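Residue strings, one per chain:
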Amino acid sequence: MARVTEGILLASGARTTTQTLGPYANPDSLGDVIGIEVVLDLTAFTTAASLTLSIEEWNQGSGAYRSVLAATALAANGVKRLLITPVTPTAANATQSGLVGNQYQVVVTHGNANSHTYSVTAKILRGDC
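Residues numbered from 1 in each chain as written. Predicted model: local features only at pLDDT ≥ 70, side-chain atom pairs only at ≥ 80, totals over all residues. Heavy atoms only, no water.

A.B. asks: Can you tell me about the side chain of Glu57, naming the residues and giving the values?
C.D. replies: One can find Glu57 in strand 4 (residues 51-59). The class of Glu57 is buried, set by a relative accessible area of 9%. When near neighbours in sequence (up to four residues on either side) are disregarded, Glu57 contacts Ala64, Tyr65, Arg66, Val68, Leu99, Val100, Gly101, Gln103 and Tyr104. (Helix = DSSP H or I, 4+ residues; strand = E, 2+ residues; numbered from the N terminus. Buried < 20%, exposed > 50% of the residue type's maximum accessible area, 1.4 Å probe, protein only. Contact = heavy atoms within 4.5 Å.)

Okay, structure coming up:
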């Protein structure tokens, strides 16, 4: 399982299918991780853009991933950000007040089979935001 601290989860490229990135381990062994920010940057698309970014956590009880935070669909070139921290107020489809689970994945769901050119980056937030 990968450990992300900061960087590119998915380099910019043209894609036509849903991308599941991970699983990743929460690197909170030092107790200083307070959150994660994931950014989807859509730079080009064919015909109709339709991408949804989400963060999913592993649920030990059910043995499956469950969505923790999902953005609204991105329908034009631009950026979507998702932020999870215990000090961030919850705002629908953008931020979640809470902690990142021990194991998580990032999913970019394609709403159609058209080509979308995008990248996904993540940053682990440490210390006091």
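A.B. asks: Can you explain the nonpolar core? Please cite residues and give values.
C.D. replies: Ile36, Val38, Leu40, Leu53, Tyr118 and Val120 are the most contacted members of the largest nonpolar core, which totals 25 residues. Taken together, the elements giving at least two residues each to this core come down to strand 1 (6-15), strand 2 (19-25), strand 3 (33-45), strand 4, strand 6 (78-85), strand 8 (103-110) and strand 9 (116-126). (Core = buried A, V, L, I, M, F, W, Y, C linked by side-chain atoms within 4.5 Å.)

A.B. asks: Mind laying out the packing of aromatic side chains, listing which residues take part and the relevant values?
C.D. replies: Under the defined criterion, the tally for this structure stands at two aromatic pairs. Between the aromatic rings of Tyr24 and Tyr104, the centroid separation amounts to 5.8 Å while the plane-to-plane angle is 40 degrees, which identifies the pairing as tilted. A residue pair is termed long-range when its members are at least 10 positions apart, and Tyr24 in strand 2 and Tyr104 in strand 8 qualify at 80 residues. The exposure class assigned to Tyr24 is buried, which follows from its relative accessible area of 9%. (Phe/Tyr/Trp six-rings, centres within 6.5 Å; stacked < 30°, edge-to-face > 60°.)

A.B. asks: Provide a residue-level description of the environment of Val106, including the pertinent values.
C.D. replies: Here Val106 lies in strand 8. Its relative accessible area of 0% is what places Val106 among the buried residues. The spatial distance from the C-alpha of Val106 to the C-alpha of Glu56 is 6.3 Å, given a sequence separation of 50 residues. Dropping the residues within four chain positions of it, Val106 is found in contact with Leu9, Gln19, Thr20, Leu21, Val38, Leu53, Ser54 and Val120.

A.B. asks: Quick one: what's the story with the sheet that holds strand 5 (residues 64-70), residue by residue and with numbers?
C.D. replies: What the four strands build is an open sheet, ordered 2-8-4-5; its pairing is antiparallel. The open sheet has two edge strands, strand 2 and strand 5, and neither has a second partner. Averaged over all adjacent pairs, the angle separating strand axes in this sheet is 30 degrees, with direction ignored. Inspection of the sheet shows strand 4 paired to strand 8 by seven bridges, in the antiparallel sense. Within the sheet, the bridge partner assigned to Thr52 lies in strand 8 and is Thr109. (Pairing = 2+ DSSP bridges. Axes fitted to C-alpha atoms, helices over the stretch in contact; angles between N-to-C directions.)

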